[in-house]
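# Descriptive structure summary
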Amino acid sequence: MKPPRFGKIPGVLVAGAGILLLLPLAGLDVFLLDVLTIGFLTAVYAGSWDIVGGLAGQISLGHALFFGTATYSCALLTSLLGWPFPLAAGAALLLSTAAGAAVGTLSAPLKGPFVALLTLALGEAAHEFFLGQTFFSPRGAYSWGGEGGIPVLLGIPWFSPWIAYYAALAFLLLCTWIMLRIARSETGLIWTALSGSELSARASGVDIRRHKRLAFVAAAALAGAAGVGFAACVGRATADDFSLELSFQAATFAAVGGRGTIVGPILAALLFYPLLQGTGIPPAGRVLLYALVLLFTLRFFPAGVAGTLRERARARRMAGRKGDGR
Amino acid sequence: MNPLAQVLVDGIFTGASYALMAAGLALILGVVKVVNLSHGAFFTLGAYVAYVLESRGLGNPLAAVLMAAVIAFAFGVFLCKSFINPVRSHPFSVAVGSLGFAILFEQAAQMLWGPHTLSIDLGAPVAVVDGVTLRRWGVISFLVSLGLLGGLSLLLSRPWGLPLKLIAEDEEIAGSVGMDVEKIRYLTFGAASSVAAIAGALLAPAATITPTMGRVPLILSLIVVIASGMEKVWNIFFLAVGLGLLSNVSAYLFAPHWSYVLLLAVICLLLVFRPKGLAAAGPARDY
């Protein structure tokens, strides 16, 4: 039913990675370097959404829950408990994975729009909870938590924007490789079947609840990894890391890039994030533009830009001159 | 002076307006057959319309209601025609797109009126009974809600409302007996949106007006719709009043933002423990 998805893309990817590798040498200033660094992490986050939302077809509208769990864990463990960063990062990964297992378990019996509702409600609850929390403040110096955020103590004196850039780029390449491996594995194939039709997946003997849970766990682990990277680069965890806008952003990148293609959402994030962040549009205007792009994409390219164009081309080929894509 | 009695009375007034909104959401789920996450945006729209009228010196609640209803109806029909109807069969597009529209509206409101909270003058109380104030907006919103819900209930029980019920039951049959299903869909979506805006305009004096104020009533309406259905209008009313009371009392006992967390917890529990009860209200097709 679906064409081989990853045909020519890896070659293009390698070329793109080469350009990104050389970009800082072309005299990029620190601000753009920072924007691109966060862009790489956002791309991993967008790809992680695609694992559960695209590949497995479970519409998650609370993906920021996993991201925020990781950043908050990093911040609280390093600043409040004084753990070294690597240890805190490991714990943060475990916690966000556990959050994924919990959300996956709760949403496994549900279908379509109701998965979206449940994840939306869980994400909003976490956001609302952490927005009001200032009781993490140590010895009343100033209030921590909420929108002001909690500092993340990295404890690496030689950390610089350059190192962050290359570390994030390497992280992006590694995660892209991992996600593509997942997508091409037998489990990935089962998830694709699941997103096509749960009924026929079950008829062919798939334990659909287990696989839905598994998809959430994998996606949460990857989103958590992106969150750890974000905490390290930004040095602060705020309640915004749990916000509905962030969850929505992931779904937007996936819808624009093409759901279930892994590479599509990553490329969409790489393209849009620096474009909107690097030009001085105010935050409200940014989110507004995301929403507009999303609505247009969903309306005119229901299978994502790449996917719909490919479908139309195929329909035209098959129907000769008669097919007009409808 | 009994603060808890005051909270209860205000809770009933608020809940009645929420019932209006929930009834609109239920109609959309029943007739258009989508879970519309942009419903809260229309509530916010109504509140801002009331605010703008107030700040221009037109503090008449009924003017605000009328204006909000007209604007929201136009917006709703436009949204349904241009977006919801064409992507109706893709649950992903509906969920993410309607949420996207809500976020679009939130950000636009933030750019137009700023992120800070706004408020409207409460007006003089209608009466004070036993130390409990019956506020003017409260009485008006209660009466308007009751009237509109009564109208809806009447509509659904008369031959006039038959198209709505038939489309909710089976679209193909409705189409084959000559009903213009698409037109009824647009009108239903527009009417439901305008009802949400009416609720927003009525509640504006009681609430703090912010761009994201529509999220709480959206979650509340979703709970009501999941637990009830489209046709039993009075079930919707009592559920919404109950939830309005719950959220008001919890806001009074703890802090305002805890009432939202509580509602979110309720919807999570409902979804987790009654997934079968939803299937009846959800889209008929297995996607």
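Residues numbered from 1 in each chain as written. Chains lettered and ligands numbered in written order. Predicted model: local features only at pLDDT ≥ 70, side-chain atom pairs only at ≥ 80, totals over all residues.

What follows is about the overall build of chain B. Counting its regular elements, chain B contains twelve helices and two strands. When its helices and strands are written in sequence order, chain B yields α-α-α-α-β-β-α-α-α-α-α-α-α-α. On the principal axes, the C-alpha backbone points of chain B span a range of 60 × 40 × 35 Å. Across the 287 residues of chain B, 51% fall into the buried class. Contacts in chain B between residues at least 24 apart in sequence constitute 79% of all its contacts with a sequence separation of at least 6. (Helix = DSSP H or I, 4+ residues; strand = E, 2+ residues; numbered from the N terminus. Buried ≥ 20, exposed ≤ 12 C-beta atoms within 10 Å, placed from the backbone. Contact = placed C-beta atoms within 7 Å.)

All right, on to the overall build of chain A then. Check the secondary structure of chain A and you find 13 helices and two strands. Here chain A holds 326 residues, and the buried ones make up 49% of them. Within chain A, counting contacts between residues at least 6 apart in sequence, those at least 24 apart form 79% of the total.

Further remarks concern helix H5 (residues 136-157) of chain B. In this model H5 of chain B runs 32 Å from its N-terminal to its C-terminal C-alpha over 22 residues, within 8% of the 32 Å that 1.5 Å per residue would give. Considering only its buried residues, H5 of chain B is in contact with helix H1 (3-32), helix H3 (61-84), strand E2 (132-134), helix H8 (181-203) and helix H10 (233-253) of chain B. (Expected span 1.5 Å × (residues − 1).)

This brings us to the environment of Tyr290 of chain A. Residue and element names in this part refer to chain A. Of note, Tyr290 is situated in helix H12 (residues 283-300). For the pair Tyr290 and Val115, spaced 175 residues apart in sequence, the C-alpha separation works out to 23 Å. Once residues within four sequence positions are removed from consideration, Tyr290 is found in contact with Gln249 and Thr252.

Positive phi, normally seen in glycine, also occurs at Ile262 of chain A, with a value near 60°. Along the chain, the position of Ile262 of chain A falls in the loop between helix H10 (244-257) and helix H11 (263-278). A tally of 29 C-beta atoms within 10 Å means that Ile262 of chain A is categorised as buried. Even without being glycine, Lys33 of chain B reaches a positive phi, approximately 65°. Relative to the elements of secondary structure, Lys33 of chain B occurs in the loop between H1 and helix H2 (39-55).

Taken together, the contact pairs 37 residues of chain B with 36 residues of chain A. If you list the elements that add at least two residues to the side of chain B that touches chain A, you get helix H4 (91-113), helix H9 (215-227), helix H11 (256-273) and helix H12 (275-279) of chain B.

What follows deals with the confidence of the model for chain B. A low pLDDT score tells you not to read the predicted coordinates there in detail. Residue and element names in this part refer to chain B. With 91% of its residues at a pLDDT of 70 or more, chain B shows a mean pLDDT of 84. Here H12 is the element of chain B with the lowest mean pLDDT, 56, and H2 is the one with the highest, 92. Counting interchain partners and residues more than four positions distant, the pLDDT-below-50 stretch residues 279-287 has nine contacts. Here the predicted complex scores 0.88 on pTM and 0.87 on ipTM. (pLDDT = per-residue confidence, 0-100.)

The next point concerns the packing of H3 of chain B against H8 of chain B. Residues and elements named next belong to chain B. Contact geometry for H3 and H8: axes closest at 7 Å, N-to-C directions at 145°. Relative to H8, the crossing made by H3 is right-handed. Considered class by class, the residues forming the contact of H3 with H8 number 21 nonpolar, five polar and two charged. (Axes fitted to C-alpha atoms, helices over the stretch in contact; angles between N-to-C directions. Left-handed = near helix turned anticlockwise from the far one by under 90°. Nonpolar A, V, L, I, M, F, W, Y, C, P; charged D, E, K, R; others polar.)

The next thing to look at is helix H6 (residues 161-184) of chain A. The end-to-end C-alpha separation of H6 of chain A is 34 Å, in line with the 34 Å expected for 24 residues at 1.5 Å each. On the buried face of H6 of chain A, the contacting elements are helix H2 (30-55), helix H7 (186-196), helix H9 (208-234) and H11 of chain A.

In this section: the environment of Leu218 of chain B. Residues and elements named next belong to chain B. Mapped onto the secondary structure, Leu218 falls in helix H9. Residue class for Leu218 comes out buried when judged on the 26 C-beta atoms lying within 10 Å of it. Those residues within four positions of Leu218 in sequence are excluded, and the remaining contacts are Leu37, His39 and Gly40.

Residues and elements named next belong to chain B. Running from N to C, H10 and H11 cross one another at 140°; their axes reach a closest spacing of 7 Å. Classified by the angle their axes make, H10 and H11 are oblique. Once H10 is placed against H11, the crossing between them reads as right-handed. In this structure, H10 uses Leu246, Ser247, Ser250 and Ala251 to contact H11, whose residues at the interface are Pro256, Trp258, Ser259, Leu262 and Leu263. Looking at the contact of H10 with H11, its residues break down into six nonpolar, three polar and no charged. (Parallel < 35°, antiparallel > 145°, perpendicular 65-115°, else oblique.)

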